[in-house]
Amino acid sequence: MLHGLLSELRLTPATLFPLSLVFLAPLLLIIVIRLARRKDCVAFFHPYCNDGGGGERVLWCAVQATLKARPSASVVIYTGDAVSKSDILTKAEARFGLKVEGARVRLVRLRCR
């Protein structure tokens, strides 16, 4: 059926390939542009990220390692703590000795834990 349609239109594979590129090129360009705009983001779910225990040390070590390994990445932490980001980062640095780049960290507050 397709072969019959192509022969009626006098389209051969040699003419179809450049024609398909004409239609696919804009689509591929849009996909490449969207992928280039996409930001590298890593998220952690830790409702009690400000408690200062062993689990929090693991969280902040993971955040620090992620930011070091992926220079273009940002980190989102889903937390139930109602403390400011600067207070949380200051406490993590004081308690664990881990300096985290605050500009690349975003906290999303959970309504309930």
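For the structure, check the block above.
The model shown is predicted, which means the values in this text are computed figures rather than measured ones. (Residues numbered from 1 in each chain as written. Predicted model: local features only at pLDDT ≥ 70, side-chain atom pairs only at ≥ 80, totals over all residues. Heavy atoms only, no water.)

Asker: Even after reading the chapter, I still don't get the environment of leucine 107, so can you show me in this structure?
Answerer: Here leucine 107 shows up in strand 3 (residues 105-109). The sequence separation of leucine 107 and alanine 43 amounts to 64 residues, and the corresponding C-alpha distance is 9.7 Å. The contact partners of leucine 107, leaving out residues within four places of it in the chain, are Ile77, Thr79, Lys85 and Ile88. (Helix = DSSP H or I, 4+ residues; strand = E, 2+ residues; numbered from the N terminus. Contact = heavy atoms within 4.5 Å.)

Asker: Whenever I open this one, helix 4 (residues 85-96) confuses me. Can you help?
Answerer: Because the α-helix completes a turn every 3.6 residues, residues three or four places apart line up on one side. The terminal C-alpha atoms of helix 4, which comprises 12 residues, lie 16 Å apart, in line with the 16 Å expected from a rise of 1.5 Å per residue. Regarding helix 4, the residues found buried are Ile88, Leu89, Ala92 and Phe96. Along the axis of helix 4, the buried residues cluster in a sector spanning 95 degrees; they form a single face. Looking at the buried side of helix 4, the elements it contacts are helix 3 (54-69) and strand 3. Just downstream of helix 4 lies glycine 97, where phi reads positive at about 70 degrees. (Expected span 1.5 Å × (residues − 1). Buried < 20%, exposed > 50% of the residue type's maximum accessible area, 1.4 Å probe, protein only. Arc of directions from axis to C-beta.)

Asker: Which parts of the structure should I look at to understand the packing of helix 3 against helix 4?
Answerer: How two helices sit against one another is set out by the angle between their axes and by the gap between those axes. Axis separation between helix 3 and helix 4 bottoms out at 11 Å; the angle between their running directions is 105 degrees. Between helix 3 and helix 4, the angle falls in the class roughly perpendicular. In this structure, helix 3 contributes Glu56, Arg57 and Trp60 to the contact, and helix 4 contributes Ile88, Leu89, Ala92 and Phe96. Broken down by class, the residue content of the contact of helix 3 with helix 4 amounts to five nonpolar, no polar and two charged. (Axes fitted to C-alpha atoms, helices over the stretch in contact; angles between N-to-C directions. Parallel < 35°, antiparallel > 145°, perpendicular 65-115°, else oblique. Nonpolar A, V, L, I, M, F, W, Y, C, P; charged D, E, K, R; others polar.)

Asker: How should empty space enclosed by the protein be read in this particular structure?
Answerer: Which parts of space are left empty comes out when a probe the size of a water molecule is rolled across the atoms. Across all of its chains, the model carries one cavity of 30 Å³ or more by this definition. In this structure, the largest cavity spans a volume of roughly 40 Å³. Contributing to the lining of the largest cavity are Cys49, Asn50, Asp51, Gly52, Trp60, Ile88, Lys91, Ala92, Arg95 and Phe96. Looking at the lining of the largest cavity residue by residue, the classes come out as five nonpolar, two polar and three charged. (1 Å grid on protein atoms, 1.4 Å probe; cavity = no way out; pocket = protein on both sides within 12 Å on 5 of 7 lines; lining within 4 Å. Points joined across faces, edges and corners; volume = space filled by probe spheres on them.)

Asker: Whenever I open this one, the side chain of aspartate 81 confuses me. Can you help?
Answerer: Along the polypeptide, aspartate 81 turns up in the loop between strand 2 (74-79) and helix 4. Only 2.7 Å separates the side chain of aspartate 81 from the backbone nitrogen of asparagine 50, close enough to count as a polar contact. (Polar contact = N/O pair within 3.5 Å; in protein donor to acceptor, adjacent residues only side chain to side chain.)

Asker: Explain the nonpolar core here, please?
Answerer: Side chains of a nonpolar character, in soluble globular proteins, are inclined to be buried together. Counting residues in hydrophobic clusters, the biggest one holds 17 residues, and the most contacted among them are Phe44, Trp60, Val63, Ile77, Val100 and Val105. Secondary structure elements with two or more residues in this core: strand 1 (41-45), helix 3, strand 2, helix 4 and strand 3. (Core = buried A, V, L, I, M, F, W, Y, C linked by side-chain atoms within 4.5 Å.)

Asker: Would you mind going over the pairing of strand 2 with me for this structure?
Answerer: The two faces of the sheet receive side chains in turn, since in a regular strand these alternate between them. Taken together, the five bridges between strand 1 and strand 2 define a ladder with parallel strand orientation. Counted as the bridge partner of phenylalanine 45 is tyrosine 78 from strand 2. Summarising the sheet, strand 2 and strand 3 pair through five bridges and their orientation is parallel. Residue pairing across strands places tyrosine 78 opposite valine 108, the latter belonging to strand 3. (Pairing = 2+ DSSP bridges.)

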